[in-house]
Amino acid sequence: MAFEYAPAPESRSIVDIKPSYGLFVDGEFTDGNGAAFKTINPATEETLAEIAEADEADVDAAVKAARRAFRSWSRMPGRERAKYLFRIARILQERSRELAVLESIDNGKPIKESRDVDVPTVAAHFFYHAGWADKLDHAGLGPDPQPLGVAGQVIPWNFPLLMLAWKVAPALACGNTVVLKPAETTPLTALLFAEICQQADLPPGVVNIVTGAGATGQALVSHPDVDKVAFTGSTDVGKAIARAVAGSDKKVTLELGGKAANIVFEDAALDQAVEGIVGGIFFNQGHVCCAGSRLLVQESVAEEVLHRLKRRMSTLRVGDPLDKNTDVGAINSAEQLARITELSGIGDAEGADRWSPDCELPASGFWFPPTLFTGVTQAHRIAREEIFGPVLSVLTFRTPSEAIEKANNTPYGLSAGVWTEKGSRILHMADRLRAGVVWANTFNKFDPTSPFGGYQESGYGREGGRQGLAAYLKGGQA
Amino acid sequence: MPTTAPNEPAPGLASFSEVTRDESALRRFLHGLPGVDQVGAEARAAGLGTRSIKTTAKEWALDLAIRMVDLTTLEGQDTPGKVRALAAKALRPDPADPSCPSVAAVCVYGDMVSEVKSVVGDAVNVAAVATAFPSGRAAMDIKLADTRDAVEAGADEIDMVIDRGAFLAGRYQQVFDEIVAVKAACSRPDGSHAHLKVIFETGELQTYDNVRRVSWLAMLAGADFIKTSTGKVQPAATLPVTLVMLEAVRDFREATGVQIGVKPAGGIRTAKDAIKYLVMVNEIAGEDWLTPDWFRFGASTLLNDLLMQRTKLTTGRYSGPDYFTLD
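Described in the following lines is the structure provided in the data block. (Residues numbered from 1 in each chain as written. Chains lettered and ligands numbered in written order. Predicted model: local features only at pLDDT ≥ 70, side-chain atom pairs only at ≥ 80, totals over all residues. Heavy atoms only, no water.)

Residue and element names in this part refer to chain A. The strand order across the open sheet built from 7 strands is 13-14-15-12-11-16-17, with neighbouring strands paired in mixed fashion. Edge positions in the sheet fall to strand 13 (353–355) and strand 17 (437–440), since each has one partner strand and no second. Taken pair by pair, the neighbouring strands of this sheet meet at an average axis angle of 20 degrees, ignoring direction. Along the sheet face, helix 10 (residues 299–313) touches strand 11 (261–264), strand 12 (294–298), strand 13, strand 14 (371–374) and strand 15 (391–397) and points at about 130 degrees away from the line of strand 12. Strands in contact with helix 12 (residues 400–408) are strand 11, strand 12 and strand 15; relative to strand 12, the strand with the most contacts, it is inclined by about 170 degrees. (Pairing = 2+ DSSP bridges. Helix = DSSP H or I, 4+ residues; strand = E, 2+ residues; numbered from the N terminus. Axes fitted to C-alpha atoms, helices over the stretch in contact; angles between N-to-C directions. Contact = heavy atoms within 4.5 Å.)

Here we take up the pairing of strand 6 (residues 150–154) of chain A. Residue and element names in this part refer to chain A. For strand 6, the tally of buried residues reaches 5 of 5 residues, placing the bulk of the element in the interior. Residues Val150, Gly152 and Val154 line one face of strand 6 and the alternating positions Ala151 and Gln153 line the opposite face, and both faces are buried. Judged from the 5 bridges that link them, strand 6 and strand 7 (residues 177–181) form a sheet pairing that is parallel. If you follow Ala151 over to strand 7, its bridge partner there is Val178. Each parallel crossover has a hand, and the one from strand 6 via helix 5 (residues 160–173) to strand 7 is right-handed. The pairing of strand 6 with strand 9 (residues 228–232) spans 4 bridges and is classified as parallel. By the bridge assignment, Gln153 is partnered in strand 9 with Ala230. (Buried < 20%, exposed > 50% of the residue type's maximum accessible area, 1.4 Å probe, protein only. Right-handed = clockwise from strand over helix to strand, strands pointing away.)

Turning to the sheet that holds strand 5 (residues 195–199) of chain B, a few remarks are in order. Residues and elements named next belong to chain B. The strand order across the open sheet formed by 8 strands is 7-6-5-4-3-2-1-8, and the pairing between neighbours is parallel. Looking at strand neighbours, the two that pair on one side only are strand 7 (261–263) and strand 8 (297–299), the edges of this open sheet. For this sheet, the mean angle separating the axes of adjacent strands, direction not counted, is 25 degrees. Where strand 4 (residues 157–161) meets strand 5, 5 bridges bridge the pair, whose relative direction is parallel. Note on strand 5: the bridge partner recorded for Met160 is Val198. Sheet strands in contact with helix 11 (residues 239–256) are strand 6 (225–227) and strand 7, and its direction is about 170 degrees off that of strand 7.

As a further point, take the nonpolar core. The nonpolar side chains of a soluble globular protein tend to be buried, and buried together. Core analysis: the biggest nonpolar cluster contains 113 residues, and Phe126, Phe193, Val207, Val264 and Leu309 of chain A have the highest contact counts within it. No other element matches the 11 residues that helix 5 of chain A contributes to this core. With 110 residues, the next largest nonpolar core counts Leu13, Ala90, Ala155 and Phe252 of chain B among its residues. (Core = buried A, V, L, I, M, F, W, Y, C linked by side-chain atoms within 4.5 Å.)

Taking 1.5 Å per residue as the helical rise, helix 2 (residues 78–94) of chain A with its 17 residues ought to reach 24 Å, and the 24 Å between its terminal C-alpha atoms agrees with that figure. Looking at the buried positions of helix 2 of chain A, the neighbouring elements they touch are helix 1 (56–75), helix 3 (96–107), helix 4 (111–132), helix 5 and helix 6 (188–199) of chain A. (Expected span 1.5 Å × (residues − 1).)

Take a look at the structure:
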């Protein structure tokens, strides 16, 4: 008899979703001027709440509030700012279950990821940056570094709360104030974070949250009184932002797309490499800018790795994001599902072989099975374009130099993975791979102390670590 | 249970006759196996440990875990009275609930086999540790005599320990030959043989690479089961060690068609832990191993926690330890 795991759903009664939400400006929730829009649960297509849309006037009010707050916040001793950040970090921990459930409902990611990865890392970012707030003089970025002013921050839907933490924590630690725009499909945890700011008695205006879609983001990044723009999202939008701020004295960091190579050598610990391949591409349904979406496997072990990979993929459990046993959740939106479907269709049309394990997908909501394409070459579009979904392209190589050439032959350069038991080869590869992060015998590991960012069309600037502070300080090289 | 007679390789195994030809071929083969990345293996085991097993799945898992227990007493102070009591418990783990299944086997020292046998008959298997358990440090003819003695006394299963010193010194051929010889000593006059479980004492072998190598070594030598520990050395069974062994039996079956059982032993005390092991069996080796024929728990205190959790599921209440028998 088979071991059927009975459903183990996390209770959603712990979160209280209001029928509608306003903007968070100057420490208060206010109505937006624009038309309200809906945010839905991608696993069920059920409407969760109505969200206010911020127009230019709303964004202007938020930037003005941030400017007013900047005067006192930036002059506050670092140790005082640290107290607020520590307080926020502790509240994030106290309310972690609520945050994890809300994130999974709004985003579609499995509860085990929001619970075990997202929320703990979010708290870690606030703790880490709280520690920096009174030690900026010692960050190696020059004596007495000064904040930039008002930061306009635009974040994506794949890690709504984590990207907020990556942006807000360093900005505040360095003495800046922020106006943040979460993605239109996943605004709920940012709005819960606004409540946490109130709970922490954060001075009004230090954190402002404006919800809306592209137009709101555009109004924010091109607002003349914004000193710093930080964006994580698609390369196309990143380019538009770069154009919008060109010629101004705004400081910019962009974290954009990726098409990471995950390189498996014949001497790798194969079972763990397979685990890393699975985590690299199916974590968060592949909605990860640094996802290992191009598997480069040495020809001598390609067959064996594929066999093991397919067997492992067959054990992935796809379904209800709130079930604690779910490994792969829902695709975030109908648009994204359409994009994944379209690009996979192109893979078929170009002659690559598609394979997915047998898995029953729920009838409602947005779903895509874990998928891999074999017979892929550098000439296939699925090997070049970011799919941003649970779709893995498998390519092969023969020698380390061929692996490096193929890995670097991409317009992107955010991350890479190397799997080998040979230590010297790890160092050799890490030296030559053009990527912001090179993971060795692991993948998708995030830590607030470690700078993250890309090359080429993956953007510029770094977030996290000492380097990440530089992006929020005058004179610091971002 | 495997039906192949000892000393006669199963069809798929014949293709491995080359690698067991001599010491250097064996060494090349074992060192050519894919490595085990410690961090990755431990992360995978921890990840599987977070599966949430509730309600019907839990009910099923608890009963299965009870049926997989090798109820064990391996003390110098063991007496006939003590092992008879344990044997009675093996038959009827929960006297208050006749629907509770028996355990898989009772595991004792060789001199206690007939005592246990007289209580359990054929209803529960009798396993005996042999080959100078737990150290394995004795001359080969003594180890073999130890084994034959237990088989003659009626043991259905023999749990042998390997010579860890020989393994760590790289004398793989010696370890291989000893397992082959003990397997031969498991033969009964009627041509059948006692089931051979090979104990590695993974706490002494230390690395996961060693665990993978020794697993293959034992399987090639004819082990019916591979077992983590004697229970006398810490750490005994752990989830990552068992994970590596489950990967080995899975890969071995793919290569040879021969299925080998796995038995973690020592340190598994709670139902919650046992269920984590079952999840790992399910997701690493596969459903085929989810029976007492192919997976066992070597444990003594685990059983009462399984019974307590089982009662909790049936009655909705926790009862105290007084409601369950001492061993």
